[in-house]
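Structure assessment
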Amino acid sequence: MKRDLMTSSLGSVVPDFYYGLMPNPDISIVEYAEKNLYLVSGKNPFPGLVDFSRTPYLHELMDALMPDNGIERVVLMKGWQTGGTLTILAWMLWVMGVAPAPMIIVQPTDELREKFSKQRINPIIANCRDLRERVAEYQKQLPDSKREKDTLISKQFPGGHINLATSTSEPSLRSESAQYLAFDEVSAYDEDCQGHGDPCGLALGRTSAYDGRKKIFYNSTPTIRDYCRIEREYLTTDQRKLFVPCLSCGEMQVLVWANFDLTTDDPAYPCILCGYRHFEQDKIQMLTRAEWRPTATSVDGGRGYHLPALYAPPGMWSWKSSLQQFRKGLANPVEMKVFVNNCLGEPYEDDTITSCDPNDLMQLREDYWPEAKLPEGIGVITAGVDTHPTHVDIVVVGWGCGNESWVLDYWIEPGDSNAPELWARVQRRLRTSYPHSNGVSRLRIATTCVDTGGHNTGAVYDFCSRHIKQRILPIKGSKGPAAPYIDHPTIKKEAKVFLFPVGKLATHGRLFSSLERSMERMKEYREALGTNPKARYRDAEIIHFHKNLPDSFFKELAAPKKIWRKVEGKFQMVYETVAGVADHAHDCLRYAHAARENMDGINIDQVCENFEKRAGR
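Since the model is a prediction, treat every value here as computed from it, not as a measurement. (Residues numbered from 1 in each chain as written. Predicted model: local features only at pLDDT ≥ 70, side-chain atom pairs only at ≥ 80, totals over all residues. Heavy atoms only, no water.)

A few points about the sheet that holds strand β21 (residues 447–451)
Under the convention used in this document: Two strands qualify as a pair provided DSSP detects at least 2 bridges between them. Numbering of helices and strands runs from the N terminus; a helix is a DSSP stretch of H or I covering at least four residues, while a strand is a stretch of E covering at least two. Two residues form a contact once any of their heavy atoms are found within 4.5 Å. Lines fitted to C-alpha atoms define the axes here, with helix axes fitted over just the stretch in contact, and angles between the N-to-C directions of these axes take values from 0 to 180 degrees.
Across the sheet, nine strands lie side by side as β15-β25-β18-β17-β16-β21-β22-β24-β23; this open sheet has mixed pairing. With partners counted over all chains shown, the strands left at the sheet margins are β15 (365–366) and β23 (490–492), one partner each. Pairing analysis gives nine bridges linking strand β16 (residues 380–388) to strand β17 (residues 391–399), with the strands arranged antiparallel. Its bridge partner lying in β17, Ile-381 is registered against Gly-398. Of the strands in this sheet, β15, β22 (472–478), β24 (497–503) and β25 (543–546) are in contact with helix α17 (residues 504–529), which crosses β24 at around 55°. Strands in contact with helix α19 (residues 584–596) are β16, β17, β18 (405–414), β21, β22, β24 and β25; relative to β16, the strand with the most contacts, it is inclined by about 135°.

Quick look at the structure:
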């Protein structure tokens, strides 16, 4: 019987049957890609036929994705511009053109799936003549009723198909069985797919019919340590790292950021053995002789590869770019997370202080009496007010040079926070004046920030609008990761006030940083007293607490804990308190810090220095 007659009588079974009888391929993923994978301009740094000589470290990784090598699971934990998605595309093209079988590629969201289909897959298929002609011939052999057009989420080819799924769509993950499964940017997936459970688990269930023949590939930059999918997968593999040779002595070594010489804008990598300095242009020669070496034992024979952006070839990512991102991170912990995740290809572990022991904070108490005389060094006073249905908390802070501060007073005014009589008492508190250490001047509170959250917003607006000349500012917390301590205000026309956003992460972070610094300096001060009776507990960014503050103040000060939570699919740093534990003193102190940042152009350091000069100190 002729093949076309068989086709017309058996529909689509015969073409797929013929491809199913094909022997194992004798051309590798790399070889096929370098002949057929065309990268379009505008979307790739090196358009044209792909050239894996630029990224020789991908050869072993793609060989691990080949059949009949005993490797079922391959994991790539990577940094920026190292070729993870390119690996998926080369593997996909090889499956379509060489070893046809059903394949699923999972993207984090519908939007990313659409971009991946339109901007990545479609141009590759359109520019692959071998595959394009084969697909066209395959479609001709099918009866009209069996012919299918490619869609955004499904690509048909002789002997198989590519289905594009997302971690947010349970039906897409339960579509059909697949021999090949790729998880792209897996650390960005939802934890629970529409209430049906782990999206990776749902997709893995579609490969059970191919046990012993299936291939699973996990590809992603990492996110937060202990919360990161790609980290969890990588730690169960043999954890391979890329060793490169010293171009002078030949010593094989892993590129480690801590070993880089960062004293100039052009980073250098000294050999760990002979000290020979390697620069960006040396990477090409180093990569050609690089070796993947396992550093652990896999639980199931899976291969794992850790590939920082430090290995990215010239023209894709540079050591200088990593240095620039690192310097951003030194000033901003959110930027440091970007550096660790994307330049180092490592999960981010926040080593800034996340909590304090209130008992340790109580040891910071000192013997000073603000109502009698302010401690030396104070030039400006601010206050923070936290509101609640049954009371209002107030903390008053004195400021010196370099953000050194002293807690002067802590008051709790009981009563209905919507009642005018309560706010009259608050106003009397905020008009308190303090005798300066020079014995002549008295200082009043220069700026106050008042929380507008809760059910008493209208009362706060009214109070602040009546005392605007006293610089009593209504504030509202801002959750944005880059929100400043206090931002430009928005006008509330109905209340005739300006509302100032206060960055939650910024003020929490600064307060905890100051508390940590204070505990360190107090320890040093007490040690120094043993040899120097005149030692002083003074420094920038530390906080002083007078001994009359109650224990409850320090318990509230230490109440918030910094944790990472996944919000709308992305990890965000948040501060939360344990149920039943108040954090009122902590928030008041944050607001007083925010008030310091809104001093209408006043140079606090200069004010403090002027006071010192007048006192002859």
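Alright, that's what it looks like, and here's the rest.
Quick look at the packing of aromatic side chains
In this description, a pair of aromatic rings is defined by centroid distance and the angle of the planes. What counts here: For this analysis, a ring pair means two rings from Phe, Tyr or Trp (six-membered ring only for Trp) whose centres lie within 6.5 Å, classed as stacked if their planes differ by under 30 degrees, edge-to-face if by over 60, and tilted for the remaining angles. Only protein chains enter the area calculation, which uses a 1.4 Å probe; residues under 20% of their type maximum are buried, those over 50% are exposed, and those in between are partly exposed.
Tallied over the full model, the rule gives 19 aromatic pairs. Look at Trp-80 and Trp-317: their rings are 4.8 Å apart centre to centre, the planes differ by 50°, and that puts the pair in the tilted class. Residue Trp-80 is located in the loop between β3 (73–78) and α5 (84–97), and its partner Trp-317 is located in the loop between β14 (303–307) and α12 (319–331); the two are separated by 237 residues in the primary sequence. On the basis of relative accessibility, which here comes to 27%, the residue Trp-80 falls in the partly exposed class. The exposure class of Trp-317 is buried, given its relative accessible area of 19%.

Brief notes about the pairing of β3
Of all six residues making up β3, six are buried, and the element is well covered by its neighbours. Taking every second residue as pointing to the same face, both faces of β3 are buried, with Arg-73, Val-75 and Met-77 on one and Val-74, Leu-76 and Lys-78 on the other. Across five bridges, β3 lies against strand β8 (residues 215–220) in parallel orientation. Across the sheet, Val-75 pairs through a bridge with Tyr-218, a residue of β8. Pairing between β3 and β14: five bridges, direction parallel. Directly across from Val-74, in β14, lies its bridge partner Arg-303.

A word on the nonpolar core
Where we set the bar: Side-chain atoms within 4.5 Å link the members of a nonpolar core, which is a set of buried Ala, Val, Leu, Ile, Met, Phe, Trp, Tyr and Cys residues.
Trp-91, Trp-94, Phe-545 and Phe-553 are the most contacted members of the largest nonpolar core, which totals 107 residues. Top element by residues in this core is α5. It accounts for ten residues. Counting residues in each nonpolar core, the second largest holds 26 residues, with Ile-378, Val-385, Trp-406 and Phe-611 among its members.

Considering the side chain of Asn-219
Residue position: Asn-219 is located in strand β8. When residues no more than four places from it in sequence are discounted, the contact partners of Asn-219 are Leu-76, Lys-78, Gly-84, Thr-85, Ile-88, Phe-183, Asp-184, Glu-185, Val-186 and Ile-230.

Some points on empty space enclosed by the protein
How we decide: Whether a set of points on the 1 Å grid over the protein atoms alone is a cavity depends on a 1.4 Å probe fitting there but being unable to get out, while an open set qualifies as a pocket with protein on both sides within 12 Å along at least five of seven lines; lining residues are those with an atom within 4 Å of a point. Grid points are joined across faces, edges and corners, and a volume is the space filled by probe spheres set on the points. Amino acids outside the nonpolar list (Ala, Val, Leu, Ile, Met, Phe, Trp, Tyr, Cys, Pro) and the charged list (Asp, Glu, Lys, Arg) are all regarded as polar, and Gly is one of them.
Per the counting criterion, the structure on display carries one cavity of 30 Å³ or more. Each pocket or cavity is described by its volume, and for the largest cavity that value is around 60 Å³. What lines the largest cavity is simply Tyr-38, Leu-39, Val-40, Lys-43, Asn-44, Leu-89, Gln-119, Arg-120, Pro-123 and Ile-124. Here the lining of the largest cavity gets four residues from one element, more than from any other, and that element is helix α6 (residues 110–126). Residues belonging to the lining of the largest cavity are distributed by class as follows: six nonpolar, two polar and two charged.

Remarks on α6
Put simply, the test is: Expected helix span is given by 1.5 Å per residue-to-residue step, counting one fewer step than there are residues. By definition, a residue's bend is the angle between the axes fitted to the seven residues ending there and the seven starting there.
With 17 residues, α6 extends 23 Å between its outermost C-alpha atoms, agreeing within 8% with the 24 Å of an ideal straight helix rising 1.5 Å per residue. The axis of α6 is deflected most strongly, by about 30°, at Ser-117. Buried within α6 we find Arg-113, Phe-116, Ser-117, Ile-121, Pro-123, Ile-124 and Ile-125.

Focus on the packing of α17 against α19
How we decide: Any angle from 65 to 115 degrees is called roughly perpendicular, while one under 35 is roughly parallel, one over 145 is roughly antiparallel, and all others are oblique.
Following both chains from N to C, one finds α17 and α19 inclined at 105°, their axes separated by 9 Å at the closest point. Considering the angle they form, α17 stands roughly perpendicular to α19. Facing α17, whose interface residues are Lys-504, Thr-507, His-508, Arg-510, Leu-511, Phe-512 and Ser-514, α19 presents His-586, Asp-587, Leu-589, Arg-590, His-593 and Ala-594. Across the contact of α17 with α19, the residue classes break down as four nonpolar, five polar and four charged.

Some details on the pattern of salt bridges
Filter applied, for reference: Criterion for a salt bridge: a side-chain nitrogen of Lys or Arg within 4 Å of a carboxyl oxygen of Asp or Glu.
Taken as a whole, this structure holds 30 salt bridges when the rule is applied. In this structure, Arg-538 engages Glu-404 in a salt bridge whose closest nitrogen and oxygen atoms are separated by 2.7 Å. Of the two residues, Arg-538 is situated in the loop between α17 and β25 and Glu-404 in the loop between β17 and β18; the sequence distance between them amounts to 134 residues. The class for Arg-538 is partly exposed, based on a relative accessible area of 34%. Judged by relative accessible area, Glu-404 falls into the buried class, the value being 4%. With its nearest N and O atoms 2.7 Å apart, the salt bridge here joins Arg-429 to Glu-413. Of this pair, Arg-429 sits in helix α15 (residues 420–430) while Glu-413 sits in strand β18, and the two are 16 residues apart along the sequence. A relative accessible area of 30% means that Arg-429 is categorised as partly exposed. Here the residues in one salt-bridge network are Arg-517, Glu-520, Arg-521, Glu-524 and Asp-539, joined through shared partners.

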